[in-house]
Amino acid sequence: MPHLTSPQPRTSGTELRPGVGVPGYAHPLLAPTEWGELTRPGTPLHWVVLNVADGPGTRPDPHCLEAAGRLRNAGIRVLGHLDTRYGTRNFGELISDAHRFVDWYQVDGFLLERCPADHAGLPEVRRTVATLRVIRDAAHIVLGHGIHPHPGYVELADQLVTFSGPWSDYRWSQVAEWTADHSPERFCHFVHGVPRPHLGEALGIARWQGAATVYFTDRTDRTDRGGDADPWEAMPGYWDEIVSRVGTGVSE
């Protein structure tokens, strides 16, 4: 199989069970069903990203407060969405947004979207992560590279998003060799445009490549063609099947 570079799947009885990481649904007023489904008992969620208005917004949003509160009361991690703009975002602005997420929504950690992936970006990301851990005790930090970054990043955060993109790329993707030195719980894959008949194949790729946190959707990204459809904002049409397959570890 072209997407495999390791002869054996990496599993361990002590590792985090496979689960779903939700990159961020639309505002709860626009996606009430999506937010409601997340607290259904038995859903194998690792965390859910809260993105109020490309960040925490300018004031507390009552609808987001309610949605985040329900998740946290259900024992589900809520992560604040911070866009680093590939390292060009002003440090002070980024930390100010983080403070708002903690003060207003009591988030459990952060997803650093569009995170730098090269060696040159390491010092600033290290500085940012260290500050975030001061702002929020025991913060769960996810670096949203979307590709395999320089291996130095794995020591900075709890998890790395090493793939974010379309199924057409994912099904032929290859995993970086250095990831074999780390457990699957350190890696996340976000894949859009996955047809229902290929869901089992996608889950199998994640298992073989060693990613314990996944999000697969049949929604497609039309933003590069002048549209405004973010594939992560709506629930996959096969959400129940994802919950069933991931929750039981079934990929075929």
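Residues numbered from 1 in each chain as written. Predicted model: local features only at pLDDT ≥ 70, side-chain atom pairs only at ≥ 80, totals over all residues. Heavy atoms only, no water.

**Student:** Sorry, what's going on with the overall build of the protein chain here?
**Tutor:** Broken down by element type, the protein chain carries seven helices and eight strands. In the protein chain, which comprises 252 residues, the share counted as buried stands at 52%. Expressed as a percentage of contacts within the protein chain between residues at least 6 apart in sequence, the contacts between residues at least 24 apart total 74%. Counting only carbon and sulfur atoms, one obtains 49% of the accessible surface of the protein chain, whose full area is about 11,500 Å². (Helix = DSSP H or I, 4+ residues; strand = E, 2+ residues; numbered from the N terminus. Buried < 20%, exposed > 50% of the residue type's maximum accessible area, 1.4 Å probe, protein only. Contact = heavy atoms within 4.5 Å. Areas by Shrake-Rupley, 256 points an atom, 1.4 Å probe, with all protein chains shown as cover.)

**Student:** Would you mind going over helix 3 (residues 91-105) with me for this structure?
**Tutor:** Three- or four-residue spacings in an α-helix give side chains the same orientation, since the helix completes a turn every 3.6 residues. Helix length check: helix 3, at 15 residues, gives a terminal C-alpha distance of 21 Å against a target of 21 Å (1.5 Å per residue), a fit within 8%. Where helix 3 is buried, its residues touch strand 2 (45-50), helix 2 (62-73), strand 3 (78-83), strand 4 (109-113) and helix 4 (122-135). Where helix 3 begins, the capping side chain belongs to Asn90, and its oxygen is found 2.9 Å from the backbone nitrogen of Gly92. Two residues or fewer past helix 3, Gln106 is found with a positive phi of approximately 50°. (Expected span 1.5 Å × (residues − 1). Polar contact = N/O pair within 3.5 Å; in protein donor to acceptor, adjacent residues only side chain to side chain.)

**Student:** Any chance you could explain the environment of His198 here in plain terms?
**Tutor:** In this structure, His198 sits in the loop between strand 7 (187-192) and helix 6 (199-209). Judged by relative accessible area, His198 falls into the partly exposed class, the value being 25%. Discounting residues that sit within four places of it in the chain, His198 has contacts with Trp167 and Arg171.

**Student:** Mind showing me how you'd approach the nonpolar core here?
**Tutor:** General note: in soluble globular proteins, nonpolar side chains tend to be found buried as a group. Counting residues in each nonpolar core, the largest one holds 74 residues, and the members touching the most others are Phe110, Leu143 and Phe216. Top contributing element to this core by residue count: helix 3, with seven residues. (Core = buried A, V, L, I, M, F, W, Y, C linked by side-chain atoms within 4.5 Å.)

**Student:** Explanation requested: the layout of surface pockets in the structure shown.
**Tutor:** With a probe scaled to a water molecule rolled over the atoms, the places where space remains empty come into view. Size it by volume and the largest pocket reaches roughly 670 Å³. If you trace the largest pocket, you find 28 residues lining it, with His81, Glu113, Arg114, Asp230 and Trp232 closest to the centre. Of all the elements in the fold, those that place two or more residues in the lining of the largest pocket are strand 3, strand 4, strand 6 (159-166) and strand 7. Class assignment for the residues of the lining of the largest pocket results in 11 nonpolar, 10 polar and seven charged. (1 Å grid on protein atoms, 1.4 Å probe; cavity = no way out; pocket = protein on both sides within 12 Å on 5 of 7 lines; lining within 4 Å. Points joined across faces, edges and corners; volume = space filled by probe spheres on them. Nonpolar A, V, L, I, M, F, W, Y, C, P; charged D, E, K, R; others polar.)

**Student:** Sorry, what's going on with unusual backbone geometry here?
**Tutor:** Phi is mostly negative for residues that are not glycine, and the peptide bonds are mostly trans. Here the phi dihedral of Asp54 falls at roughly 50°; this positive angle occurs in a residue that is not glycine. Its location among the elements puts Asp54 in the loop between strand 2 and helix 2. Notably, Arg114 is not glycine yet its phi reads approximately 50°, a positive angle. Looking at the element boundaries, Arg114 is found in the loop between strand 4 and helix 4.

**Student:** Help me understand the pattern of salt bridges in this model?
**Tutor:** Opposite charge on two side chains permits pairing when their charged atoms draw close. Taken as a whole and judged by the stated rule, the model has 14 salt bridges. Between Glu66 and Arg70 there is a salt bridge, with the nearest N and O atoms lying 3.1 Å from each other. Residue Glu66 and its partner Arg70 are located together in helix 2, separated by four residues, close to a single helical turn. The exposure class of Arg70 is partly exposed, given its relative accessible area of 35%. In this structure, the salt-bridge partner of Arg133 is Asp158, at a minimum N-O distance of 3.3 Å. (Salt bridge = Lys/Arg side-chain N within 4 Å of Asp/Glu carboxyl O.)

**Student:** Please clarify how the side chain of Thr84 should be interpreted in this entry.
**Tutor:** By secondary structure assignment, the location of Thr84 is in the loop between strand 3 and helix 3. On the accessibility criterion, Thr84 (6% relative accessible area) is buried. Once residues lying within four places of it in the same chain are set aside, the contact partners of Thr84 are Arg89, Leu94, Leu112, Glu113, Arg114, Cys115 and Pro116.

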